[in-house]
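One letter stands for each residue in the lines below.
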Amino acid sequence: MASRCCPNPRIFLPFLYPSVFSANGVGLSRPRFAAAVVTAGSGARRDNSSSATAADATTPDSNSRLNPAPDDYSMPYFADQAQLTVFAGHGGNGCISFLREAYLEDGPPNGGDGGHGGNVYIQATHGETSLHKLARRRFVRAGRGKHGQGSARSGPRGEDVVISVPVGTVVTELSRDDPDDGGLFYDRPMTLKEKRRKKRSPAEEAEPELDEHGDPVEHPNLHKFLLYPGISSSERKRIQLPPLPRRDRLFVQPRPGLHLDLSRPTPRPILLAAGGLGGLGNPHFVSRDRKKPMFATKGEPAMSMQIQLELKLLADVGLVGLPNAGKSTLLRAISNSRARVGNWAFTTLQPNIGTVVLDNNKGRPTVTSFRRPAEPAPIDPYDPDPVDPEAETEPQQRTRFTVADIPGLIEGAHLDKGLGIAFLRHVERAGVLAFVIDLGAGNAVAALKSLWNEVGLYAQMREEEERDRERAARIDWTADTSNTDDCWPAAKVFEDAPENTTGLHIAAKPWFVVATKGDLPDTQENFKELREYLAVVTNGTEPHPSGVDGAWTENVAAIPVSAINGHGVQNIVHWTVGLLDG
Ligand SMILES: Nc1nc2c(ncn2[C@@H]2O[C@H](COP(=O)(O)OP(=O)(O)OP(=O)(O)O)[C@@H](O)[C@H]2O)c(=O)[nH]1
Ligand SMILES: [Mg+2]
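Because the structure is a prediction, the values reported are computed rather than measured.

Engineer: Any chance you could break down the overall build of the chain for me, citing the residues and the numbers?
Structural biologist: Helix and strand counts for the chain stand at twelve helices and 20 strands. Counted over contacts in the chain with a minimum sequence separation of 6, partners at least 24 positions apart contribute 76%.

Engineer: Any chance you could break down the site of ligand 1 for me, citing the residues and the numbers?
Structural biologist: The environment of ligand 1 is formed by 25 residues, the closest being G326, S328, N343, T348 and G408. In terms of residues, the shell around ligand 1 owes the most to one element, helix α7 (residues 327–334), which gives three residues. Of the residues that constitute the shell around ligand 1, the class distribution is nine nonpolar, 13 polar and three charged.

Engineer: So what's going on with the confidence of the model for the chain? Residues and values would help.
Structural biologist: Of all residues in the chain, 69% have pLDDT values of 70 or greater, and the mean over the chain is 75. With pLDDT under 50 throughout, residues 1–9 is counted as low confidence; its partners more than four residues away or in other chains account for 16 contacts. Counting interchain partners and residues more than four positions distant, the pLDDT-below-50 stretch residues 21–58 has 66 contacts. Across the interfaces of the predicted complex, the ipTM metric reaches 0.99, alongside a pTM of 0.67.

Engineer: I'd like a rundown of the pairing of strand β19 (residues 511–516), residues and numbers included.
Structural biologist: Judged by how many residues are buried, β19 sits mostly within the fold: six of six residues are covered. Because side chains alternate across β19, one face comprises the buried residues W511, V513 and A515, and the other comprises F512, V514 and T516, equally buried. Where strand β18 (residues 432–438) lies against β19, six bridges are found, and the strand directions are parallel. Bridge pairing in β19 places V436 opposite V514. Strand direction decides the pairing type here: β19 and strand β20 (residues 558–560), joined by three bridges, are parallel. The residue of β20 that forms the bridge with V513 is A558.

Engineer: Go over the nonpolar core, please, and point to the residues and values.
Structural biologist: It is characteristic of soluble globular proteins that their nonpolar side chains tend to be buried jointly. If you look at the biggest cluster of nonpolar residues, it comprises 100 residues, and the most contacted ones within it are V120, L319, F435, I437, V513, V514 and A515. The residue makeup of this core includes at least three contributed by each of domain 1 (9–48 + 66–77 + 314–350 + 400–473 + 501–581) and domain 2 (81–311). Leave out the neighbours within four places in its chain, and V514 touches L330, A434, F435, V436, I559, V561 and I572. In terms of nonpolar packing, the next biggest core, distinct from the first, is built from nine residues, F225, L280, F295 and A296 among them.

Engineer: So what about α7? Which residues, and what values?
Structural biologist: Summarising burial for α7: eight of the eight residues are buried, a large majority. Residues of α7 that are buried: K327, S328, T329, L330, L331, R332, A333 and I334.

Engineer: Requested: an account of the sheet that holds strand β6 (residues 161–166), with residues and values cited.
Structural biologist: Strand pairing in a sheet is mediated by backbone hydrogen bonds. Such pairs are either parallel or antiparallel. The strand order across the open sheet built from three strands is β6-β4-β10, with neighbouring strands paired in mixed fashion. Across the chains shown, the open sheet's two edge strands, defined by having one partner strand only, are β6 and β10 (270–273). Going across the sheet, the axis of each strand differs from the next one's by a mean of 35°, ignoring polarity.

Engineer: I'd like to hear about helix α12 (residues 569–581), residue by residue, with values.
Structural biologist: Within an α-helix, residues lying three or four positions from one another point in the same direction, as the helix has 3.6 residues per turn. In this model, α12 (13 residues) spans 19 Å end to end at C-alpha, consistent with the 18 Å of a helix rising 1.5 Å per residue. Across the 13 residues of α12, twelve count as buried, placing the element largely inside the fold. If you check which residues of α12 are buried, you get V569, Q570, N571, I572, V573, H574, W575, T576, V577, G578, L579 and L580. A positive phi of about 60° marks G582, the residue just after α12.

Engineer: Describe the environment of G503, naming the residues involved and giving the relevant values.
Structural biologist: As for its placement among the helices and strands, G503 is situated in the loop between α9 (444–474) and α10 (504–507). For the pair G503 and L457, spaced 46 residues apart in the sequence, the C-alpha separation amounts to 7.2 Å. If sequence neighbours within four positions are ignored, G503 has contacts with G456, A459, Q460, E463, S546 and V548.

Engineer: Explain the sheet that holds strand β12 (residues 304–311) residue by residue, including any values.
Structural biologist: Taking strand neighbours across the sheet as the criterion, the five strands line up as β5-β3-β12-β7-β9 in an open arrangement whose pairing is mixed. Of all strands in the sheet, those bounded by a partner on one side alone are β5 (139–141) and β9 (259–262). Direction aside, neighbouring strands of the sheet carry axes that sit 25° apart on average. Looking at chain direction, strand β3 (residues 81–87) and β12 are connected through seven bridges and run antiparallel. Bridging across to β12, F87 finds its partner in S304.

Engineer: Give me the lowdown on unusual backbone geometry, citing residues and values where you can.
Structural biologist: Unlike most non-glycine residues, S151 shows phi in positive territory, near 55°. You can see S151 is positioned in the loop between β5 and β6. Residue S151 is classed as exposed on the basis of its C-beta count, with 11 C-beta atoms lying within 10 Å. Positive phi outside glycine occurs at K517, with the angle close to 60°. Judged by the 23 C-beta atoms lying within 10 Å of it, K517 is buried.

Engineer: Account for the environment of A345, naming residues and giving values.
Structural biologist: In this fold, A345 is placed in the loop between α7 and β14 (352–357). The class of A345 is partly exposed, set by 15 C-beta atoms lying within 10 Å. In this structure, the C-alpha to C-alpha distance between A345 and N324, residues 21 residues apart in sequence, is 5.0 Å. Excluding its chain neighbours within four sequence positions, the residues that come into contact with A345 are P323, N324 and G408.

What counts and how
Residues numbered from 1 in each chain as written. Chains lettered and ligands numbered in written order. Predicted model: local features only at pLDDT ≥ 70, side-chain atom pairs only at ≥ 80, totals over all residues. Helix = DSSP H or I, 4+ residues; strand = E, 2+ residues; numbered from the N terminus. Contact = placed C-beta atoms within 7 Å. Near = placed C-beta within 6 Å. Nonpolar A, V, L, I, M, F, W, Y, C, P; charged D, E, K, R; others polar. pLDDT = per-residue confidence, 0-100. Buried ≥ 20, exposed ≤ 12 C-beta atoms within 10 Å, placed from the backbone. Pairing = 2+ DSSP bridges. Core = buried A, V, L, I, M, F, W, Y, C linked by C-beta atoms within 7 Å. Domains from an automatic or database assignment. Axes fitted to C-alpha atoms, helices over the stretch in contact; angles between N-to-C directions. Expected span 1.5 Å × (residues − 1).

Spelled out as structure tokens, the structure:
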């Protein structure tokens, strides 16, 4: 992937290190991308011309937007994980009722059917940004169908519930309780053979079936029927119940082991749990021999499911760095974010997302950038109104991009040390990774290697998890094993699962280094060393810092900035846009 930006390090002009560049014979000149970056919200122009001197840079304005007091921040509610139990609605019961009118004492049955239970759906929408509301809610219940009533009035359907989640949410089923699992609630009709076998003489029909103690045996489906309340217990045992009629389901329950990766908005809600069918009123059971059925069927119980929601933020750029490196200050400098900044480790406890606006608020772009068209969604053959796959084929003008600032990583983060693993998932989805290195905090190359090491180990761990999940989902536990001597026939489904984890799904992303706090004294040598190291990584003499084969090493840049002064930050915007456009 070739960057649109000039690979020449001259573009990261030496506003911080004039001597580094003049020593190389590179004179001071205006940056190629001299347009001021207008950040959303503030509307302020930051002039980052090369005339800013090192002396200016070392005197950050106290209590400015980029050097705020620790209590000057806004912290939106945020949760990136939630566990929910969803309950589909039970079906309402059918009704046992008979027509009563003046001069008509003994009318025909007229009980209405019960309403079907409501379904639970999930939908990924752009309006949502966090799972905190769902994390607090814990239970989601669809409405139950109302019972049928007399005069052939059917019960209304239970209300459906749609769970709205942010785009980037991964849904994993943890367990389900499906009452229909052990056998269908509504019987399939008996075959002719079964009917013949079951056929009893009229004398036998009159007599109830007896158990070994001589007590009448209860009908096996009795619990699925609703009997007329006035019925005596002996009548209850003698009652002849018909087989439950076959009924088509309105919605097909999703298969067990549900796993949805909602990485794009879903045009229509996706079914999680289907409600139960409503019961049948007594008119359904009228026959030649049974003029007045004293029973109706109960509503079908519905299933419940426990799901895990995990939000992987879909930011264009992920900021990765050690604690206190200056990530949040950088986010404030390039976007409208009011992330908390403090001179201690772990100031940021949850991810912040900032939006970098690429126009001057008058509709005129300051940077021309084109978003690649999204891959068309696979066509669902059962969808009556499929989304047009050709909808987005033209490159779209990019007017903004998003940046995610995650809590700092420390050594062992992939083993859940520090704030650890919980937030590393947010860099998995980013298009570009920006490694923020504090030039004033020791060797920058060592810091970069240790960050890549953590990210690489985390990537391998996720790939292993994903492979295990995929294997588990592929095992067909119902496979017929009778014709084979193989005691583990399902093992063959493992064949095409990849064996080795590479970590490439993160290491293959384009990345660059933001060398921040360049205003601090004596950081010049550190920056030079970092730049030389990245040059040898780019030309292939040194391996990628994560050690992963085939990782992205095209034109890896180090951009010096002083985020606290807003110096050099627009170079980050231009470089990022170049990498995003690819
Ligand atoms: N001199 C100087 N100080 C900076 C610069 N950028 C950030 N700082 C200071 O470094 C400290 C840490 O900044 P933060 O932005 O909170 O760092 P962080 O990486 O978000 O820290 P965590 O959230 O704890 O991971 C603050 O006191 C900032 O004022 C810079 O460019 N120059
Ligand atoms: Mg921070």
